[in-house]
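In case you want the letters, here they are:
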Amino acid sequence: DIQMTQSPSTLSASEGDRVTITCRASQSISGWLAWYQLKPGRVPKLLIYKASSLESGVPSRFSGTGSGTEFTLTISSLQPGDFATYYCQQYNSYPWTFGQGTKVESK
Amino acid sequence: QVQLVQSGGGVVQPGRSLRLSCAASGFTFRTYALHWVRQAPGKGLEWMSFISFDGSDQSYADSVKGRFTISRDNLNNTLYLQMNSLRPEDTAVYYCTRWGGGSSGLDYWGQGTLVTVSS
């Protein structure tokens, strides 16, 4: 199975900050990576697919890069509604796997 | 609009069975692959299972393989998850979710249903 490792596990930031989350795969997944946002009491929301494609309706301050085994999610200017937990997920091969999550909290 | 409405959760004793349902509307159900994802209390997201658009192909996480069965009814636009031999570690919120197709991710999610396995 492909293991997905995110860093950091928790990130403290302020409104307006540039935030970067890293996701590493235990083997190459080409560009088959998605990013999701999860807030308490809400359902997961797809942000990025195919490593760098922005899902329709998602603000352009979210961006994704990477291929192979290393990927990043960047929020260019953190907004109040962005405090949440973010997950990467590989869909290169079954079983699909998620990273352990990165919680973005208010500094 | 796309909707996935879940039902069937609840409290069940270890070793018993439960079936989750996910009723879809707002899209051509028979042309999309579907998945189940869960989140245990205080834990992260865990992918559970996949079924192809026509039901001919399935895949499962090792943690549920042999105990859970995914199926779909393309006439009634409904996805199912039959969960047998339930264990306390299966306690979680379960989500049905649609794979957007091609290179897309999991683009629409059900509201989630809580399954609690406890004696």
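Shown above is the structure to which this text applies.
Residue numbering note: each chain is counted from 1, following its sequence as written. Going through the entries in the order they are written, you letter the chains from A and number the ligands from 1. Whole-chain, interface and lining totals are the exception, using all residues; otherwise, since this is a predicted model, local features are given only for residues with pLDDT of at least 70 and side-chain atom pairs are given and counted only at 80 or more. In computing side-chain values, all of the structure's heavy atoms are included and hydrogens and water are not.

Side-chain atoms within 4.5 Å link the members of a nonpolar core, which is a set of buried Ala, Val, Leu, Ile, Met, Phe, Trp, Tyr and Cys residues. Here's how the labels work: a residue is buried when its accessible area is under 20% of the maximum for its type, exposed when over 50%, partly exposed in between, all with a 1.4 Å probe on protein chains only. Counting 45 residues, the largest nonpolar core has Trp36, Leu79, Leu81, Met83 and Tyr94 of chain B as its most contacted members. Whether two residues are in contact is decided by their heavy atoms: any pair within 4.5 Å suffices. For Leu81 of chain B, the residues in contact, after removing those within four places along its chain, are Leu18, Arg19, Leu20, Trp36, Phe68, Thr69, Ile70 and Tyr94 of chain B.

We now examine the sheet that holds strand β8 (residues 78–83) of chain B. Residues and elements named next belong to chain B. One open sheet accounts for four strands, arranged β1-β3-β8-β7; its pairing is antiparallel. Every other strand in the sheet has two partners, leaving β1 (3–7) and β7 (68–73) as the edge strands with one partner each. For this sheet, the mean angle separating the axes of adjacent strands, direction not counted, is 15°. Strands were regarded as paired on the criterion that DSSP finds at least two bridges between them. Helix and strand assignments follow DSSP, with helices taken as H or I runs no shorter than four residues and strands as E runs no shorter than two, numbered in order from the N terminus. By the bridge criterion, five bridges tie β1 to strand β3 (residues 18–25) in an arrangement that is antiparallel. Considered in β3, the bridge of Gln3 is made with Ser25. To get an axis, a line is fitted to the C-alpha atoms, and for a helix only the part in contact is used. The angle between two axes follows their N-to-C directions and goes from 0 to 180 degrees.

It is worth spelling out the interface of chain B and chain A at this point. Each side of the interface is counted separately: chain B has 24 residues, and chain A has 18 residues. Of all residues in chain B, Leu45, Trp47 and Ser103 of chain B give up the largest surface area on contact with chain A, accounting jointly for 34% of the area buried on that side. Throughout this description, the term salt bridge denotes a Lys or Arg side-chain nitrogen within 4 Å of a carboxyl oxygen of Asp or Glu. For the pair chain B and chain A, the number of links is zero salt bridges. Two N or O atoms form a polar contact when they lie within 3.5 Å of each other; inside protein one atom must be a possible hydrogen donor and the other a possible acceptor, and for residues adjacent in sequence the pair counts only when both atoms belong to side chains. Summed over the shared surface of chain B and chain A, the number is two residue pairs in polar contact (both at pLDDT 80 or more). Mapped onto the side of chain B that touches chain A, the elements with two or more residues apiece are β4 (34–39), β5 (45–51), β6 (58–60), β9 (92–99) and β10 (106–109) of chain B. Among the elements that make up the side of chain B that touches chain A, the one with the highest residue count is β5 of chain B (four residues). Buried area is a sum: the accessible area each of two parts loses on coming together, probed at 1.4 Å, counted once for each and added.

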